[in-house]
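Okay, here's what each chain looks like letter by letter:
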Amino acid sequence: MVKPFIVGITGGSASGKTRFLKSLIKHFDTDEICLVSQDNYYKDRHLQPKDENGVENFDTPQSIEFDDYAADISKLKEGETVTRKEYTFNNPNVAPSMLTFNPAKVIVVEGLFVFYFPELTKLLDLKVFIDAKDYVKLKRRILRDNSERGYDLDDVLYRYEKHVAPTYEKYIAPFKFDADIIIPNNNGFDKGLDILVS
């Protein structure tokens, strides 16, 4: 069996990883590439760490079931199929489904902390960092969290100041220059995408 090529993609919250990944996947047949997102490995809400005001902090490594995440990537690497229940960020308007991840030539491992945990990092063949300026990320976060997760503006701004920004500085930014490729995504990422596809 030919071992798959495993690509880790990270960047700050709302740096544009999801849009980048959707564009990346379009360049491959469905059986050639498998995307496994960290978003489906959040711990249940009652297990989430809380800040000093009792607000759940989903933007910390302690929010993630990383043993499960690393184990599933290892299974895919060995040619096994993996199933996982979709995580819906407690959005009552979204019914979670069962996700199936099939082995493929290229496996994309995506999330905020994929460079932070050594159990995941050691599985990666290529590390990609999606970069964007703070004001760009904040604007995207406001729009996304309102439409996809049902958070109002005050909630989004609170989480950004108390959770998102400190997490970026502590757990994400220090690993930026460990990346093999850094792709700026303030106004677009077409050139970076072309290089990665090649």
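Owing to the predicted nature of the structure, the values given are computational and were not obtained by experimental measurement.

Thresholds, definitions, all that
Residues numbered from 1 in each chain as written. Predicted model: local features only at pLDDT ≥ 70, side-chain atom pairs only at ≥ 80, totals over all residues. Heavy atoms only, no water. Helix = DSSP H or I, 4+ residues; strand = E, 2+ residues; numbered from the N terminus. Buried < 20%, exposed > 50% of the residue type's maximum accessible area, 1.4 Å probe, protein only. Areas by Shrake-Rupley, 256 points an atom, 1.4 Å probe, with all protein chains shown as cover. Contact = heavy atoms within 4.5 Å. Pairing = 2+ DSSP bridges. Axes fitted to C-alpha atoms, helices over the stretch in contact; angles between N-to-C directions. Phe/Tyr/Trp six-rings, centres within 6.5 Å; stacked < 30°, edge-to-face > 60°.

(A) Focus on the overall build of the protein. Scanning the protein from terminus to terminus reveals 6 helices and 7 strands. Listing every helix and strand of the protein by position from the N terminus yields β-α-β-α-β-β-β-α-β-α-α-β-α. Here the protein holds 198 residues, and the buried ones make up 48% of them. Counting only carbon and sulfur atoms, one obtains 50% of the accessible surface of the protein, whose full area is about 10,500 Å².

(B) Structural view of the side chain of asparagine 57. Positionally, asparagine 57 belongs in the loop between β2 (33-37) and α2 (66-77). Asparagine 57 gets classed as buried once you look at its relative accessible area, which sits at 14%. Apart from the residues lying within four places of it in its own chain, the contact partners of asparagine 57 are Gln48, Pro49, Lys50, Ser63 and His163.

(C) The pairing of β2, seen in detail. Burial runs high along β2: 4 of the 5 residues are buried. Two strands pair when backbone bridges link them, and β2 and strand β5 (residues 106-110) are joined in this way by 5 bridges, in the parallel orientation. Paired with serine 37 across the bridge in β5 is glutamate 110.

(D) Inspection of the sheet that holds β2 at higher detail. As summarised here, the arrangement of the 5 strands in space is β2-β5-β1-β6-β7, forming an open sheet in which the pairing is parallel. The open sheet is flanked by β2 and β7 (181-184), the only strands paired with a single partner. Ignoring which end each strand starts from, the neighbouring axes of this sheet average 20 degrees apart. Helix-sheet contacts for helix α6 (residues 190-197) involve β1 (5-11), β6 (126-131) and β7, and the interaxial angle to β7 is about 150 degrees.

(E) Spatial organisation of the packing of aromatic side chains. Tallied over the full model, the rule gives 10 aromatic pairs. Summarising the aromatic geometry, the rings of tyrosine 116 and tyrosine 171 are spaced 5.1 Å apart at their centres and angled 85 degrees between planes, so their arrangement reads as edge-to-face. Placement of tyrosine 116 in the loop between β5 and α3 (118-121) and of tyrosine 171 in helix α5 (residues 153-172) is noted, with a sequence separation of 55 residues between them. When its relative accessible area of 29% is taken as the criterion, tyrosine 116 is described as partly exposed. Where tyrosine 116 meets phenylalanine 175, the ring centres are 5.9 Å apart and the plane angle is 85 degrees; that geometry is what we call edge-to-face. Of the two residues, tyrosine 116 is situated in the loop between β5 and α3 and phenylalanine 175 in the loop between α5 and β7; the sequence distance between them amounts to 59 residues. Given a relative accessible area of 22%, phenylalanine 175 falls into the partly exposed group.

(F) Inspection of the environment of tyrosine 42 at higher detail. Note on placement: tyrosine 42 falls in the loop between β2 and α2. For tyrosine 42, a relative accessible area of 7% puts it in the buried group. Sequence spacing of tyrosine 42 and tyrosine 69 is 27 residues, and the spatial spacing of their C-alpha atoms is 9.7 Å.

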